[in-house]
Amino acid sequence: MSKLLRGFKDIFGKEATALTELENSARKIFKLYGVEELRIPALELKELFVKFTGDTTDIVQKEMYAFEDNGGRLVALRPEGTPGVARAYIENNFPNENPVKQFFYIGNMYRAERPQAGRYREFEQIGAEFFGSSAPSADAQAILLLKDIVKDFGATDYKVKINSLGCDKCRPAYRQALIEYFKSSKDTLCEKCQTRLEKNPLRILDCKIDGPKFDANLPVQKLCPECLEHFEEVKKLLDGKIPFEVDPRLVRGLDYYSRTVFEFQAGSGAQNAIAGGGRYDGLVKSMGGPQIPAVGWALGAERTVAARGQVNEPKEIKVFVVSMDKACNLYAFDIMQEIRQSGVQTPCALFDKNLKAQMKQADKIKADYAVIIGQSELNSNTAVLKNLETGEQKQYPRAELVKLLKDK
Ligand code: HAM
């Protein structure tokens, strides 16, 4: 028998319902903020991610589903949405025609990571990318947009961390200071961090393998006056609207960030980030577009659903229609459609089993009521309504029955 691939999963029942609720919350809040949908392909040229997610990232070094297609092109399933969105923004001429643009996307991403709780090889991201503004207000609004989605969905137990990574002017000195700091204790770093030391020393700060190894002398980033002012302004705009913590060790795992970075974290496990993002002022230009600043984030849908847990949905009644006789099937079928059209949940009944089996099915799907049709109901244009909890039942004229169910 064919089996599911490791790290992939089938989603159904409560988790599927909760994911849809999250998507609905997101679409509602995106609309409120005037953010437009952008649908991008799941498959892109591999080099898009190698160059722009960054070749020093774990994603590119070992987590991509990349292969040669039949035309000999090197392609990859998207591990994240940002490079594809930036490519689409440039390729569809937005920089010239309409550079200030806010997009959102909802879709599956693929990373061949070692699967564990909260870490899958296929997972859903809901993301937003704001192009065309370097104003701190764009950073703050992106963060508040994310907060409003998570709030509308009903997840409350999370922390928000923010930091500024500075810019090309002030970051090199920090990188150098980190290299100097870690060089003396290189042997104590994990293998991965040893290779990060020269290429991407900031990432050593959030090593997930054997934990961070630093003491009180760890250098702190000194932002240039412009980056400092930007960061101060972002914080001022957020103050009082969302509780947040400044975490100087928040560095994020992607190469394109500059200035503001942030994460929404739930719980304390290694896979605790439900969302992450930041500013990437250099990405559009590095892709061949004009100098256009941008800021964005992506929310991990499965992790956000898990962070919220189960909620008691408002109870909606469920009705199952039962036909006692083949001759009644058409009449029962029409009543089933009529109840549905009135807005009452009426799962598919097939009338292909005996009465007992049909009543069993009503139980199985946890119906609240059965509508039972026999010869006498057909002849009198009525139906029997049975309350499956109390066992009470009564015959009603057809029109009255539908109205009664609608009002329950
Ligand atoms: P990221 O931090 O790599 O950022 O991913 C964002 C979120 O996707 C994570 O916080 C997490 O909730 C979820 N996620 C990531 N990997 C997995 C996985 N293997 N299984 C389940 N969930 C996962 C980005 O992808 C950036 N593109 C965000 C961004 C947009 N920055 C600027 N714009």
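Everything in this summary refers to the structure shown in the same document. What you see is a predicted model; the values in this text were computed from it and never measured.

With respect to the sheet that holds strand β14 (residues 382-387)
Taken together, the four strands give an open sheet; going across it, the order is β12-β13-β14-β15, and neighbouring strands pair in mixed fashion. The sheet is open, and its two borders are formed by β12 (319-323) and β15 (393-397), each paired with just one other strand. Here the strands of the sheet are splayed against their neighbours by 30° on average, with no regard to which way each runs. In the sheet, β14 pairs with β15 via five bridges, with the strands oriented antiparallel. Paired with T382 across the bridge in β15 is P397. Contacting β12, β13 (369-373) and β14, helix α12 (residues 329-341) crosses the sheet at an angle of about 170° to β12. Helix α15 (residues 398-407) rests against β12, β13, β14 and β15 of the sheet, and its axis sits at about 115° to β15.

Remarks on the pairing of β14
Strand direction decides the pairing type here: β13 and β14, joined by four bridges, are antiparallel. Bridge pairing links I372 to V384 in β14. Between β14 and β15, which pair antiparallel in sequence order, lie five residues; one of them, G391, sits at a positive phi of approximately 85°.

A word on a positive patch on the surface
Taken together, the side chains of K353, K356, K360 and K364 make up a positively charged region of the molecular surface. Along the chain, K364 falls in helix α13 (residues 355-364). On the basis of relative accessibility, which here comes to 67%, the residue K364 falls in the exposed class.

With respect to α15
For α15, the full list of buried residues reads R398, L401, V402 and L405. All buried residues of α15 project into a common sector of 95° when viewed along the axis, lining one side. Every exposed residue of α15 that faces more than 90 degrees away from the buried side is listed here: A399, K403 and D407. Of the surrounding elements, those touching the buried residues of α15 are β12, α12, β13, β14 and β15.

Digging into the sheet that holds strand β8 (residues 245-246)
In spatial order, the strands read β1-β5-β6-β11-β10-β9-β7-β8; together these eight strands make up an open sheet with mixed pairing. At either end of the open sheet lies a strand with only one pairing partner, and these are β1 (36-37) and β8. Here six bridges tie strand β9 (residues 258-265) to strand β10 (residues 273-279), and the two strands are oriented antiparallel to one another. In the strand pairing of β10, F264 is matched with A275.

What to know about helix α4 (residues 82-91)
Of all the 10 residues making up α4, seven are buried; the element is thus mostly covered by neighbouring parts of the structure. Restricting attention to buried positions, one finds in α4 the residues T82, P83, G84, V85, A86, A88 and Y89. Its buried side turned inward, α4 meets β2 (43-45), α2 (46-52), α5 (94-97), β5 (101-110), β6 (122-131) and α10 (283-286). With its phi angle positive at about 65°, N93 sits one or two positions after the end of α4.

Comments concerning the site of the ligand
In the region of the ligand, 26 residues are neighbours, and E80, T82, E113, E129 and Y257 sit closest. Y256 is positioned with one of its side-chain polar atoms (N or O) 3.1 Å from a nitrogen atom of the ligand. A275 is positioned such that a nitrogen or oxygen atom in its backbone is 3.4 Å from an oxygen atom of the ligand. Summarising the interface, the protein chains cover 96% of the accessible area of the ligand, which totals 660 Å² for the free molecule. Counting only elements with at least two residues in the shell around the ligand, the list comes to β6, β10 and β11 (294-300). The dominant element in the shell around the ligand, judged by the number of residues it contributes, is β10, at six residues. The class makeup of the residues in the shell around the ligand is 11 nonpolar, eight polar and seven charged.

Thoughts on the packing of helix α7 (residues 171-183) against helix α8 (residues 191-199)
Contact pair α7 / α8: the axes reach a minimum separation of 9 Å and the direction vectors enclose 140°. As the angle between them shows, α7 and α8 are arranged oblique. Viewed along their axes, α7 and α8 form a crossing whose handedness is left-handed. Residues R175, I179, F182 and K183 of α7 form the contact with α8, whose own contacting residues are L197, E198 and K199.

Some remarks on the state of the cysteines
Applying the stated criterion across every chain, the model contains zero disulfides. Considering cysteine sulfurs only, C193 is the nearest to C190, which forms no disulfide, with 3.6 Å between them. As a non-bridged cysteine, C224 has C227 as the owner of its nearest cysteine sulfur, 3.6 Å distant. C224 sits in the buried class, given a relative accessible area of 10%.

Analysis parameters
- Residue numbers restart at each chain and count upward from 1, following the sequence in its written direction.
- Owing to the predicted nature of the model, reporting of local features is limited to residues with pLDDT of at least 70; listing and counting of side-chain atom pairs is limited to 80 or more, with chain, interface and lining totals taken over all residues.
- Water and hydrogen atoms were dropped before computing side-chain values, which therefore reflect all heavy atoms in the structure.
- Here the rule is simple: two strands pair whenever DSSP picks up at least two bridges between them.
- The helix and strand labels rest on DSSP assignments: H or I over at least four residues marks a helix, E over at least two residues marks a strand, and numbering proceeds from the N terminus.
- Interaxial angles span 0 to 180 degrees and are taken between N-to-C directions of axes, which are lines fitted to C-alpha atoms, for helices over the stretch in contact.
- Note on contacts: a residue pair is in contact if any heavy atoms of the two residues lie within 4.5 Å.
- Candidate patch residues must exceed 30% relative accessible area and have no salt bridge, after which like charges are joined if within 9 Å and Val, Leu, Ile, Met, Phe, Trp or Tyr side chains if within 5 Å.
- Areas reported as accessible are Shrake-Rupley estimates using a 1.4 Å probe. Residue values count occlusion only from the protein chains shown.
- Criterion for a salt bridge: a side-chain nitrogen of Lys or Arg within 4 Å of a carboxyl oxygen of Asp or Glu.
- When charges are counted, Lys and Arg contribute as positive and Asp and Glu as negative, whereas His and the chain ends are disregarded.
- A single reference atom marks each charge: NZ on Lys, CZ on Arg, CG on Asp, CD on Glu.
- Using a 1.4 Å probe on the protein chains alone, a residue whose accessible area is under 20% of its type maximum counts as buried, one over 50% counts as exposed, and one in between counts as partly exposed.
- Directions drawn from the helix axis to the C-beta atoms are what define this arc.
- Note on terminology: near, applied to a residue and a molecule or strand, indicates that one of the residue's heavy atoms is within 4 Å of it.
- We define a polar contact as two N or O atoms separated by no more than 3.5 Å, with the added condition that, inside protein, one atom must be a possible hydrogen donor and the other a possible acceptor, whereas residues neighbouring each other in sequence contribute only through side-chain atom pairs.
- Three residue categories are used. Nonpolar comprises Ala, Val, Leu, Ile, Met, Phe, Trp, Tyr, Cys and Pro, charged comprises Asp, Glu, Lys and Arg, and polar comprises the others, including Gly.
- Convention used here: angles under 35 degrees read as roughly parallel, angles over 145 as roughly antiparallel, angles from 65 to 115 as roughly perpendicular, and any remaining angle as oblique.
- For any helix crossing, the convention is left-handed if the near helix is rotated counterclockwise from the far helix by under a right angle, and right-handed if that rotation is clockwise.
- A pair of cysteine sulfur atoms is labelled a disulfide when the two atoms are within 2.5 Å.

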